[in-house]
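# Understanding the architecture of this molecule
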Amino acid sequence: MLTKLTRWSRLKSPWILHLNTGACNACDIEVVAALTPRFDLERFGVLLKATPRHADVIICTGPATRQMKDRLIRIYEQTPDPKFVIAVGACAMSGCVYRGAYNVIGGIDQVIPVDVYVPGCPVRPDAVIDGVVKLLNKL
Amino acid sequence: MKFQIPIGPQHPALKEPIGLRITVEGEIIRDADLRLGYNHRGIEKLAESKTWVQNIYLTERICGICSHSHTTCYVQGVEKLMELQPPKRGLYIRTLVAELERIHSHLLWLGVAGHEAGFDSFFMYIWRDREIVMDILEIISGNRVHYGINTIGGVRRDLDALQVKRTLDSLDTLRKRSEYYKHLGTNEPSFVARLARVGYLSREEAISLCAVGPTLRASGVPMDVRKDDPYAVYDEVPFEVCTADTCDVLGRTVVRIKELFQSYNIIEYLLKNLPAGEIAVKAPRRARPGEMVSRYEAPRGENIHYIKSNGTDKPERLKVRAPTLGNYAATIKMLKNGFIADVPLIFAAIDPCICCAERAAAIVNARTGEEKIVPMDILRQTSQRTSPNKDEKREAEWPL
Amino acid sequence: MNDQFLIEKAKERLKDKVLSLTNPAPRRIFLGVSVENLLEAVNWLKKDMGFTHLSTISGVDLGQSFEILYHFANNACSLTIRTEIPRETPQLPSICELTPGAVLYERELQDMFGIAVQNIPDSRPLLLPDGWPAGNYPLRKDWKYERPPEVIPGGKK
């Protein structure tokens, strides 16, 4: 009974943390635009949080650069369980145009485990909403 | 007694990772230091192994907000190297997309400034209107960001009458709403009090630290690449260089709002006088050996690309200096003798686009040397609490 | 003040210190000097000609030497000063007393090419990550990067 309640409350209010690990910013602006009145994401109960300790879902954009690698692992460990990671954009999936550069390791799945991949360069805000809803359906 | 605060790479204020270390004494900042490198992707090295056309798509992804500025700057340089002259209609379309990008970038910045100052409804209203501009860009080029409309020798897509009419109609809506935001942004007492006298940068310092863009123009220096070094069709289009002389964040806001109105006028002129003809000329595969410097006025300041070719179909060296890097030295100067609470606002006022510049604040207690990570959200809440009494606190020396 | 005027002034003031002077396009002038006369040329540009704005400093690896370009700009023209330094002893005087805003660009030169800039006010690395092995200068032509093979989670190994 209690597990059903906690599961329902997790489904109805996923709090997100927006993390940029070296992206060109286009995906970040589209994620922030997904929170603005036209593509409202807050009607799903999603709130944008500032610190990893409050978040359920990490929305990650950008290829993992060498400098950000340790910080990324640290932030992933600071997020309390159960946690999910959404990789947004072609950069976070595999590195986009930056594959082969000396400071880029690849997509973020080389560093932390990822649950949902949202393709696009940059992603449309509609696709971000689609990704979040698909994640909620998986729960 | 001095403390040092690190503002680390993950923070909600700016959507990009930078490391900022500020040394504070009480609430007043004594020194600041920037740690770049989180966003460094090694683009200049990658560009040497891709052809001229592939590099257009690479330079586009240096930045998401000013992507057209990097592409145009690069393509202009290559066209001068190959000695091509794109047709007039192509140049008009290129300038049109450039001005639309300037509008969307300034509206983005206004919303972010409102959000940093605590005025969230301003942020939501402005971004709703920004969607009008994104729709126009999508109709013209096919994508909301990363338009991909430039090619060496001209542009890739043409405009038809329906797109022109739709753009002109949206301009009326945008003009009316921008008047409202201008009235709100410059007359609302608490918003103005939050921005006035924050981040002061005098005229001589701005010139000697080589600041660019609205940061420089808000200190009264009328330097604008569109007037000094005209490219595309800016020598035919009438417009004015906007300056302000308050030298603080309020001046930068005023400069950006004035530039919005100039951009509306430029777009109207371009659409009414669009010449007929071809949109591109064919470009050769290889470029002759030589070098070229190309400058462009991006929404954030002067963007400069240096291109060197050695006769093959790949560049020998591509050097990009994005506008935000030029403003870093000025930012450090502005942060000194300010308050911690002003850090998000001063940093947002140069309109940082760190992904352009390179390729969390940690507060270090100077007394004991221990580090404490302070989330930017808490900094912003502190800033909103202390702002009504700002004037008295500016003169007080905290007795620690 | 147009290109012709600047070219004549350069020849008249710097005389035989000018190694090369080209004008490939309108409002673009490239002036070559040797390393010893660099500070004097920059001083002349700033004080007499009013070129107070330094856009950036670029470095190019030419094989046997490094070529450094200083891009200056004012309301009328964009003038670039170029110098060359040998590859074995890459040393350069800093122009930070004349132009305080040049410090970040000189730090980038130190990082990317391994050039030692003398009298620089702040010589920490600018762009490269913390654990970068010393002696690796990415923008030199002989430095190649081999990408290690990546592991696709859940995919074929």
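Residues numbered from 1 in each chain as written. Chains lettered and ligands numbered in written order. Predicted model: local features only at pLDDT ≥ 70, side-chain atom pairs only at ≥ 80, totals over all residues.

## A look at the confidence of the model for chain C
When pLDDT is averaged across chain C, the result is 83; 97% of the residues are at 70 or more. For this predicted complex, the interface confidence score (ipTM) comes to 0.88, while the overall pTM stands at 0.86. (pLDDT = per-residue confidence, 0-100.)

## A few points about the interface of chain C and chain B
Every contact between the two is made by 28 residues of chain C and, on the other side, 30 residues of chain B. Here the side of chain C that touches chain B takes 6 residues from strand β3 (residues 53-61) of chain C, the largest share from any one element. Across the side of chain C that touches chain B, the residue classes break down as 15 nonpolar, 11 polar and 2 charged. (Contact = placed C-beta atoms within 7 Å. Helix = DSSP H or I, 4+ residues; strand = E, 2+ residues; numbered from the N terminus. Nonpolar A, V, L, I, M, F, W, Y, C, P; charged D, E, K, R; others polar.)

## Quick word on the domain arrangement of chain B
A common way to express how large an interface is: the accessible area buried when the components associate. Residue and element names in this part refer to chain B. Under the domain assignment used here, chain B contains domain 1 (3-39 + 329-395) and domain 2 (43-321). Between domain 1 and domain 2, the contact holds 22 residues from the first and 25 residues from the second. When residues of the side of domain 1 that touches domain 2 are traced back to their parent elements, those giving at least two are α12 (323-335), α13 (343-349), α14 (354-357) and α15 (376-386). Here the side of domain 1 that touches domain 2 gets 5 residues from one element, more than from any other, and that element is α13. When the residues that make up the side of domain 1 that touches domain 2 are grouped by side-chain class, the tally is 13 nonpolar, 3 polar and 6 charged. (Domains from an automatic or database assignment.)

## Some remarks on the sheet that holds strand β2 (residues 28-32) of chain C
Residue and element names in this part refer to chain C. The strand order across the open sheet built from 5 strands is β1-β2-β5-β4-β3, with neighbouring strands paired in mixed fashion. Across the chains shown, the open sheet's two edge strands, defined by having one partner strand only, are β1 (20-25) and β3. Each strand of the sheet is rotated relative to its neighbour by a mean of 20°, with strand direction disregarded. Pairing of β3 with strand β4 (residues 65-73), which is carried by 8 bridges, proceeds in the antiparallel orientation. (Pairing = 2+ DSSP bridges. Axes fitted to C-alpha atoms, helices over the stretch in contact; angles between N-to-C directions.)

## Re the interface of chain A and chain B
At the interface, 33 residues of chain A touch 33 residues of chain B. The set of elements that each furnish at least two residues to the side of chain A that touches chain B consists of β1 (15-20), α2 (26-33) and α3 (69-78) of chain A. Looking at the side of chain A that touches chain B, the element that brings in the most residues is α2 of chain A, giving 6 residues.

## Quick notes on the confidence of the model for chain B
Residues and elements named next belong to chain B. Chain-level pLDDT for chain B is 80 on average; 85% of the residues reach the 70-or-more range. Segment residues 359-379 is flagged for pLDDT under 50; beyond a separation of four residues in sequence, or across chains, it makes 75 contacts in the model. Between residues 386-400, whose pLDDT stays under 50, and residues either more than four places distant or in other chains, the model counts 11 contacts.

## Description of the packing of helix α6 (residues 161-187) of chain B against helix α11 (residues 249-272) of chain B
Residues and elements named next belong to chain B. Two elements in contact, α6 and α11, have axes separated by 11 Å at closest approach and are oriented at 160°. With respect to each other, α6 and α11 are oriented roughly antiparallel. Note on packing geometry: the crossing formed by α6 with α11 is left-handed. Seen from α6, the contacting residues are Val164, Thr167, Leu168, Leu171, Leu174, Arg175, Ser178, Lys182, Gly185 and Thr186; seen from α11, they are Thr253, Val254, Ile257, Leu260, Phe261, Tyr264, Ile267, Glu268 and Leu271. Considering only residue class, the contact of α6 with α11 consists of 11 nonpolar, 5 polar and 3 charged. (Parallel < 35°, antiparallel > 145°, perpendicular 65-115°, else oblique. Left-handed = near helix turned anticlockwise from the far one by under 90°.)

## Points about the nonpolar core
In terms of nonpolar packing, the biggest core is built from 195 residues, with Ile59, Cys60, Ile86, Ala87 and Val88 of chain A together with Ile346 of chain B touching the most fellow members. Broken down by element, the residue count for this core peaks at 14 residues, all from helix α4 (residues 88-116) of chain B. Excluding residues within four positions of it along the chain, isoleucine 346 of chain B makes contact with Val198, Gly199, Val249, Thr331, Met334, Leu335 and Gly338 of chain B. (Core = buried A, V, L, I, M, F, W, Y, C linked by C-beta atoms within 7 Å. Buried ≥ 20, exposed ≤ 12 C-beta atoms within 10 Å, placed from the backbone.)

## Description of the sheet that holds strand β3 (residues 57-61) of chain A
Sheet strands line up and pair through hydrogen bonds in the backbone, either parallel or antiparallel. Residues and elements named next belong to chain A. Taken together, 5 strands build an open sheet; the order of strands is β2-β1-β3-β5-β7 and the sheet is parallel. In this open sheet, the two edge strands, each paired with only one partner strand, are β2 (47-49) and β7 (116-118). With strand direction ignored, the average angle separating the axes of adjacent strands in the sheet is 30°. As paired strands, β1 and β2 are joined by 3 bridges and run parallel to one another. Each bridged residue has a counterpart across the sheet, and for leucine 17 the counterpart in β2 is lysine 49. In the packing of helix α5 (residues 125-138) onto the sheet, the strands contacted are β5 (84-88) and β7, and the crossing angle to β7 comes to about 165°.

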